[in-house]
Amino acid sequence: MSTPTESAEALRIAYSPCPNDTFVFDAWAHGRVPGAPSLDVTFADIDITNGMAERGEFDVLKVSYAVLPYVLDDYALLPCGGALGRGCGPLVLTRETGAGGASLLERSREFGGLTGRTVAVPSERSTAYLLFRLWAADTVPGGVGEIVVMPFHEIMPAVRDGKVDAGLVIHEARFTYQNYGLHKLADMGEYWEHTTGLPIPLGAIIARRSLGAERLRELAEAARASVRAAWDDPEASRPYVLEHAQEMDPGVADQHIGLYVNEFTADLGEPGYAAVRGLLTRAAAEGLVPPLGPDALAFP
């Protein structure tokens with residue numbers, strides 16, 4: 001869904017309808033950031049925006065950090081507006097009982113129970129998937145079995161109904177998985193933080209390099225100002241957040257924002273950049289993504 005603006009100079013931007021993105025961009029999208037360029041907004045789930053970035057279709061996009069190695073020739077990483085944090089990683093979920101009544105959760109206490117199992121994931125171009133593959137390489141002897149890609153809102157029902165053995169979930173599923181009778185087998189964020197001490201890099205804001213260095217700096221300032229405006233007056237963004245929250249409970253939307261919008265959204269800072277470099281360097285060493293160039297993350 002697209003929200004056109006009146007300006008012919010509007011920047012084409014794509015981000016998800018998730019509460020953290022609508023909270024962050026509300027002020028900017030509605031002209032409440034003085035001097036910021038107007039926006040032509042398209043809403044799409046992040047697996048879709050990842051593909052948009054690879055095809056070079058928008059000026060500004062919210063994407064998975066996992067897709068950066070494929071797009072940084074054409075796009076620059078903005079130092080704000082994205083999602084990093086602590087205690088907010090993807091989860092691996094199982095149902096309470098497996099075939100024949102045996103507990104897959106119990107068989108998987110040491111994670112070996114996932115060896116050869118079918119796992120549903122939201123995308124193979126997602127940060128969640130990179131974290132899962134790094135975790136599995138360390139903790140699942142013999143490796144997991146078949147990976148099935150499906151929309152993230154279908155994963156928990158598929159695990160519950162026994163269509164897959166386990167599921168990798170993101171977003172508000174952290175708060176709702178118990179409603180499906182599911183159990184947390186492992187937290188990818190806990191694994192990442194324990195092994196690196198770094199925050200968890202999830203979603204990035206990127207902008208087309210051809211806009212030029214001065215314009216890119218303006219965009220970063222606009223994104224930062226939009227974040228601060230949302231923090232200063234959270235109620236102002238509430239209609240926009242709930243309009244696009246896909247019938248999400250307002251309390252869950254608030255939890256979602258509280259978890260994914262934090263100091264790293266206002267500015268990555270050195271810990272944020274270290275987390276991004278750490279994730280992508282580890283993933284490249286495992287052959288999951290191409291290696292980054294030395295200045296690939298530099299911002300004009």
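Just so you know, these numbers come straight off a predicted model, no measurement behind them.

Tell me what's going on with the overall build of the protein, and back it up with residues and numbers.
Within the protein, the regular secondary structure consists of 13 helices and 12 strands. For the protein, the C-alpha radius of gyration of 19 Å lies close to 19 Å, the compact-globule estimate for 300 residues. The principal-axis extents of the C-alpha atoms in the protein amount to approximately 60 × 45 × 30 Å. Per-residue burial for the protein yields a buried fraction of 55% across its 300 residues. For the protein, the proportion of contacts with a sequence separation of at least 24, taken over those separated by at least 6, is 80%. Approximately 12600 Å² of the protein is accessible, and the part contributed by carbon and sulfur atoms is 48%. Positive and negative side-chain charges in the protein, numbering 24 and 40 respectively, have mean positions lying 4 Å apart.

For the sheet that holds strand β8 (residues 119-121), give the residues involved together with the corresponding values.
The mixed open sheet is built from 5 strands, whose spatial order is β9-β8-β10-β7-β11. A strand with exactly one partner marks an edge of an open sheet, and here the two such strands are β9 (147-149) and β11 (182-187). Averaged over all neighbouring strand pairs, the angle between strand axes comes to 30°, with direction disregarded. Strands in contact with helix α6 (residues 152-160) are β7 (91-95), β8, β10 (166-169) and β11; relative to β10, the strand with the most contacts, it is inclined by about 160°. Running over the sheet, helix α8 (residues 188-196) touches β7, β10 and β11 and is turned about 20° from β11.

Any chance you could break down the state of the cysteines for me, citing the residues and the numbers?
Counted according to the given criterion, the structure contains 0 disulfides. With no disulfide partner, Cys-80 has as its closest neighbouring cysteine sulfur the one in Cys-88, 18 Å distant.

Now, about α8: what can you tell me, with residues and values included?
Here α8 has its buried residues at Met-188, Gly-189, Tyr-191 and Trp-192. Buried residues in α8, looked at end-on, bunch into an arc of 160°, giving them a common side. Pointing more than 90 degrees away from the buried face of α8 are the exposed residues Glu-190 and His-194. Buried-residue contacts for α8 involve β7, α5 (127-139), β10, β11, β12 (200-208) and α13 (269-285). Looking at where α8 begins, the residue whose side-chain oxygen comes 2.8 Å from the main-chain nitrogen of Gly-189 is Asp-187. In the stretch just after α8, Gly-197 is the one whose phi turns positive, near 75°.

Can you lay out the pairing of strand β4 (residues 60-64) for me, pointing to particular residues and giving the numbers?
Among the 5 residues that make up β4, 5 are buried, leaving the element largely enclosed by the rest of the structure. Note that strand β2 (residues 11-15) and β4 share 2 bridges and pair parallel. Note on β4: the bridge partner recorded for Ile-13 is Val-60. Note: β4 against β12, 5 bridges, orientation antiparallel. Note that in β12 the partner of Lys-62 across the bridge is Ile-205.

Describe the packing of aromatic side chains, listing the residues and the values that go with them.
Centre distance and the angle of the planes are the two values used to describe a pair of aromatic rings. All told, the structure shown has 5 aromatic pairs when counted by the stated rule. With a centroid separation of 4.5 Å and an interplanar angle of 10°, the aromatic rings of Tyr-15 and Phe-25 are classed as stacked. You can see Tyr-15 sitting in strand β2 and its partner Phe-25 sitting in helix α1 (residues 19-29), a full 10 residues away along the chain. Summarising the burial analysis for this pair, Tyr-15 and Phe-25 share the class buried. Ring centres 5.5 Å apart and planes at 85° place the aromatic pair Tyr-15 and Phe-43 in the edge-to-face group. With a gap of 28 residues between them, Tyr-15 in strand β2 and Phe-43 in strand β3 (residues 39-43) connect regions that are remote in the sequence. Judged by its relative accessible area of 0%, Tyr-15 is buried. When its relative accessible area of 10% is taken as the criterion, Phe-43 is described as buried. One aromatic cluster in this structure is built from Tyr-15, Phe-25, Trp-28, Phe-43 and Tyr-240. Looking at Arg-12, its charged tip hangs above the ring of Phe-58, at a distance of 4.1 Å from the centre. The ring of Tyr-70 has Arg-125 lying over it, and the distance from NZ or CZ to the ring centre is 3.8 Å.

Before we move on, could you go through the pattern of salt bridges and cite the residues and values that matter?
Enumeration according to the criterion identifies 14 salt bridges in this entry. One salt bridge connects Asp-21 with Lys-62, and the closest N-O pair in it is separated by 2.5 Å. Placement of the pair is Asp-21 in helix α1 and Lys-62 in strand β4, with a sequence separation of 41 residues. Like Asp-21, the residue Lys-62 is buried in the burial classification. Where Arg-224 meets Glu-221, a salt bridge forms, and the shortest distance between an N and an O atom there is 2.6 Å.

So, how was this worked out
Residues numbered from 1 in each chain as written. Predicted model: local features only at pLDDT ≥ 70, side-chain atom pairs only at ≥ 80, totals over all residues. Heavy atoms only, no water. Helix = DSSP H or I, 4+ residues; strand = E, 2+ residues; numbered from the N terminus. Rg over C-alpha atoms; globule rule 2.2 N^0.38 Å. Buried < 20%, exposed > 50% of the residue type's maximum accessible area, 1.4 Å probe, protein only. Contact = heavy atoms within 4.5 Å. Areas by Shrake-Rupley, 256 points an atom, 1.4 Å probe, with all protein chains shown as cover. Lys, Arg positive; Asp, Glu negative; His and termini not counted. Charge placed at Lys NZ, Arg CZ, Asp CG, Glu CD. Pairing = 2+ DSSP bridges. Axes fitted to C-alpha atoms, helices over the stretch in contact; angles between N-to-C directions. Disulfide = S-S within 2.5 Å. Arc of directions from axis to C-beta. Polar contact = N/O pair within 3.5 Å; in protein donor to acceptor, adjacent residues only side chain to side chain. Phe/Tyr/Trp six-rings, centres within 6.5 Å; stacked < 30°, edge-to-face > 60°. Lys NZ or Arg CZ within 6 Å of the ring centre and 35° of its normal. Salt bridge = Lys/Arg side-chain N within 4 Å of Asp/Glu carboxyl O.

Everything listed is a geometric property; what it means functionally is a separate question.
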